[in-house]
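Survey of secondary and tertiary structure
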Amino acid sequence: GVRHPSHRPSSQEEPVDRSMPAAEARGWLLRLFPAFSSYNFRWLLAANAAASLGMSMEMLAQGWLVLTLTDSAFWVGAVAGLRGAGLVAFGAMGGVIVDRVDRRKALALAQMLRGVAVLILGLLVVTEQVTLPAILAIALFQGVMQGIVLPANNTLVFDTTGPSRILNAVSARMMAFNAARIGGSIVAGALINSVDVGWCYVALSGAFFLSPALLLLMRGNFQGTGGREPVWRTLNEGVRYAIGARP
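Overview of the structure.

Looking only at helices and strands, one finds eight helices and zero strands in the protein chain. Counting helices and strands in the order they occur from the N terminus, the protein chain gives α-α-α-α-α-α-α-α. A separation threshold of at least 6 residues defines the contact pool for the protein chain, and within that pool the share at least 24 residues apart is 87%. Here the protein chain has roughly 14,200 Å² of accessible surface; of this, 65% comes from carbon and sulfur atoms.

Structure follows, in structure tokens:
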């Protein structure tokens, strides 16, 4: 038959731009979370998600380990409380340290040390050499490290997004944190049920090791702006500000 001029063979049809849906999705995401337009914040958020996954797995594994080792609800609470005591005791000093060093490096080092701690605990469990004092010591150490992680993380969120996008960045971080808590709890429960709590610790250490690796992908200078004044004076000023500040 005669081919109509308006008809084109399929091989000559104009190509479809398949990048359009991806571009539209990216535009929608940036309108919803403008903080994602920051390259450094995206990597910081990914690092936070990895660390949050590890922490949620650790908290579930910690309670299960202490309960199976001691068969005491008191020690389950005591270990968790000791972890919180480490954070409270070292939190102010952690802020002073973060204000004087490179914040990204401080956060990466703290996450790396947290990974080493849970890996050691996991190996102790796997080799059946774990003791309650070892669990208590590692819980306290994890609380101290959290005293560095929190101020370093908070200041980096501000550094990477600025004052105009800080609230949006905080909400995005909280979404990632809660999503990691859900996933981490499920994964930890599955690992404990299928293998053992010791191997769960070994596995979750990988999340803490992944976090500093992602932080290294950030670009720029994140040196703290703290002065050279004595540490005790900085601590005193911080406490006075916290007491006198009004919401």
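A few words on the packing of helix α3 (residues 73–98) against helix α5 (residues 132–161). Here α3 crosses α5 at 40°, and the two axes come no closer than 6 Å. Relative to α5, the crossing made by α3 is right-handed. For the contact of α3 with α5, the residue count by class is 16 nonpolar, nine polar and one charged.

Now for α3. Between its terminal C-alpha atoms α3 stretches 36 Å, which fits the 38 Å expected from 26 residues at 1.5 Å a residue. The largest bend in α3 is about 50°, located at F90. Looking at α3, one finds that the buried residues are V79, R83, G86, G94, V96 and V98. Here α3 starts with a cap whose side-chain oxygen sits 3.2 Å from the backbone nitrogen of F74, and that cap is S72.

The next subject is the side chain of S205. In this structure, S205 sits in helix α7 (residues 197–215). If we skip the residues at most four places from it in the chain, S205 touches G115, V118 and L119.

Reading guide: rules and limits
- Residues numbered from 1 in each chain as written.
- Predicted model: local features only at pLDDT ≥ 70, side-chain atom pairs only at ≥ 80, totals over all residues.
- Heavy atoms only, no water.
- Helix = DSSP H or I, 4+ residues; strand = E, 2+ residues; numbered from the N terminus.
- Contact = heavy atoms within 4.5 Å.
- Areas by Shrake-Rupley, 256 points an atom, 1.4 Å probe, with all protein chains shown as cover.
- Axes fitted to C-alpha atoms, helices over the stretch in contact; angles between N-to-C directions.
- Left-handed = near helix turned anticlockwise from the far one by under 90°.
- Nonpolar A, V, L, I, M, F, W, Y, C, P; charged D, E, K, R; others polar.
- Expected span 1.5 Å × (residues − 1).
- Bend = angle between axes of the 7 residues up to and from the residue.
- Buried < 20%, exposed > 50% of the residue type's maximum accessible area, 1.4 Å probe, protein only.
- Polar contact = N/O pair within 3.5 Å; in protein donor to acceptor, adjacent residues only side chain to side chain.

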